[in-house]
Amino acid sequence: MSLSFTHFSFFNQVVKICLAIALLISLSQAHAKFGCELNQGYELPEDIGFNWLCSFSNELAPAQQISTEKYGAVNRQGIAVIPFEYDSPVEFIQSRALVKKADKWVLIDIANHKIAEFDFQEAWNFTPVGLAQFKQDDKWGYINTSGEVVIQPQFDSIVYGFGYPLLNENVIAIFELDGKQGAINQAGKIIIPAQFDDIRRANDILFVSNDDKVGIYDYQGNMIQPVEFEFTMFNGFYSDNRWTNENWLSITKNGKVGAIDKRGNIIVPTEFDDVEIISENTFKVSKNGKYGINGINGINGINGINGINDLITPLKFDYIADSLEGPTRVKLDGKWGYLDRSDSLMMVDYDEAYDFSEGLAMVGNNQKQQFSQKDESKSWGYINTIGEEVIPLYYEDASPFNEGMAAVKLNGKWGVINFQENRIVPFEYDAISSFENGYAIVARVNTNLADSSSDTDEMIDGVKEYPLPEEWNDEVYVDSSTSRDNSEMKFGIINSQGNIVLPVEYDDVTQVSEGMIGVKNDDKWGFANQQGKLVFPYLFDQIFPPFENGVIQVDYCYDDNENTISCDSDEVDIHTLHIDKQGNIINELFSSLGVAVEVEETID
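Computed from a predicted model, the values in this text were never measured in an experiment. (Residues numbered from 1 in each chain as written. Predicted model: local features only at pLDDT ≥ 70, side-chain atom pairs only at ≥ 80, totals over all residues. Heavy atoms only, no water.)

With that settled, consider a negative patch on the surface. On the surface, Glu325, Glu358, Glu403 and Glu436 cluster together into a patch of negative charge. Take Glu436: its relative accessible area is 38%, and that puts it in the partly exposed class. (Patch = residues over 30% accessible without salt bridge, like charges linked within 9 Å, V, L, I, M, F, W, Y side chains within 5 Å. Areas by Shrake-Rupley, 256 points an atom, 1.4 Å probe, with all protein chains shown as cover. Salt bridge = Lys/Arg side-chain N within 4 Å of Asp/Glu carboxyl O. Lys, Arg positive; Asp, Glu negative; His and termini not counted. Charge placed at Lys NZ, Arg CZ, Asp CG, Glu CD. Buried < 20%, exposed > 50% of the residue type's maximum accessible area, 1.4 Å probe, protein only.)

This is the structure in structure tokens:
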């Protein structure tokens, strides 16, 4: 569902109001600190509390006296430097604060000297650019830190004020007058008259809206795009940090989609059903179910007319993938292939294809199997970035290369090969995960539980084959700790040399993290090291890998009678520990009490 420009303006108003309220709320607890930390060894007096969004400025922090509800400011020793005599928070910007005292607003310095006094109806404190908005005779204006009126009170409200330097939002303010919005700069010049239903700031441009149509202005008040687009963005520009043109936005006109850059210039014309970025300066576009590529022309390296990107491939593809590495993966007439960097088709000849990983892409073709229960299966292999089949298509299944290795399946079993197709791990496993930091999880069917009398058992080359669990997906199964919780499989760990680190005899294992491996047997977790030695016994009901900075979370789960139960039970008490590799308890939490207790113990 697309939200209108009006919806987002409403959300922004709500956020603004909430932030304003939060800035004025003081905590009733005396020692609440949050963002304000006193110097070590110092505490606030018992009757003094910090403001909820507290921070030090000019070595002073706003604080409140709980008993009188008056505001002042303290230094980092907790000593009151500004007495508690004001009716609004005392927050200094550029050594000045605008505070309320009785029915007056007073401008003070960090020594509490009064610089000026005002008969404002309302006022806000200074923002980081040194401007404060005030209300007088029911109109809003701005003063500076010298107390000078720099923008005369003339607006019904300030929608977005100066001074919060997210993007370039400190440069201009959005005001409302007679039900319409406009924009003004810090010099007091109205750059956009009050003529729009909404104005919204984003990066270096302003979105303006009337009657659910949107246009674009710059921060000097120049119109970049007329008010003729439907609003399609969710919350600011789409940002994709993989590409240098990391800020772009889809726009819609008459039901068709295009894109603009962060300066508001159209880079993809509004004539498509959908637009997505797939690489630097390159977008995939679709119309009537067909895809093409729009971007800087691959031949001459320039944009098209008026800086708008060209359609550099015809709209003829069934699909274009978001390829992160190597040539772009495409589907044409039911077959998969790739586009090279000049956007020429290398080949479209595969029934299945994956994106490139470490210079090779996994590709597959259907083939009839004479003795298979299925009508057809796939043969898998790998191609390089110029389309050469460097590993022939004869594997029954495969996975992308990772850390120079790929798990492949042959004769019903999984092994591991390298780039030269040398066998690293023999074909003897029912599943193998991807390698992480030189280690992979391997699995076999638990033959102790398999039904030897099952009609589905087969004899192949004299070796008993046991049926895999129903809806078995070997790749997902070994990579997901949740799906591995199945007694029909046993798991172990191998390294990148193909050596067994942990034998395949565990109910579950985790990937290696900081030299430690979680191992599970009989519904309890323990830990082994990289040499396969059990260093923690099977004690824990659940664990939360990986280790981080030598610490991991483990849980005990029990009922009201302290009997061990499943941690997924509807009613469960959980005793949570954070432990290090030596078994020292860093901290623990009893969920029924909700109190964290610092202890230093060692697990027996």
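So much for the structure itself; the text now carries on.
This brings us to the pattern of salt bridges. Within the structure shown, the criterion is met by 20 salt bridges. With a shortest N-O distance of 2.8 Å, Arg329 and Asp355 are connected by a salt bridge. Remark: Asp355 occurs in strand 32 (residues 352-357) and Arg329 occurs in strand 29 (residues 328-332); sequence separation between them is 26 residues. (Helix = DSSP H or I, 4+ residues; strand = E, 2+ residues; numbered from the N terminus.)

On to the sheet that holds strand 37 (residues 405-410), then. A sheet is described by the order of its strands in space; here four strands give the open sequence 36-37-38-39, paired in antiparallel fashion. Among the strands making up the open sheet, the edge pair consists of strand 36 (397-398) and strand 39 (423-429). Of the strand pairs in this sheet, strand 37 and strand 38 (residues 413-418) are connected by six bridges, and their pairing is antiparallel. In the strand pairing of strand 38, Lys409 is matched with Trp414. (Pairing = 2+ DSSP bridges.)

What follows deals with the environment of Tyr217. With respect to the helices, strands and loops of the structure, Tyr217 is situated in strand 18 (residues 213-218). Non-local contacts of Tyr217, meaning those with residues more than four positions away in its chain, are made with Ile192, Gln195, Phe196, Ile205, Leu206, Val208, Asn222, Met223 and Ile224. (Contact = heavy atoms within 4.5 Å.)

With that settled, consider the state of the cysteines. Enumeration over the complete set of coordinates arrives at two disulfides. A sulfur-sulfur distance of 1.6 Å marks the disulfide that ties Cys36 to Cys54. Across the disulfide from Cys36 to Cys54, rotation about the S-S bond amounts to roughly -85 degrees, and the bridge is consequently left-handed. Note that Cys36 is positioned in the loop between helix 1 (5-24) and strand 1 (48-50) and Cys54 in the loop between strand 1 and strand 2 (61-65), a separation of 18 residues in sequence. With relative accessibility at 6%, the residue Cys54 sits in the buried group. Sequence-ordered numbering of the bonded cysteines in the protein chain gives a disulfide pattern of 1-2, 3-4. (Disulfide = S-S within 2.5 Å.)

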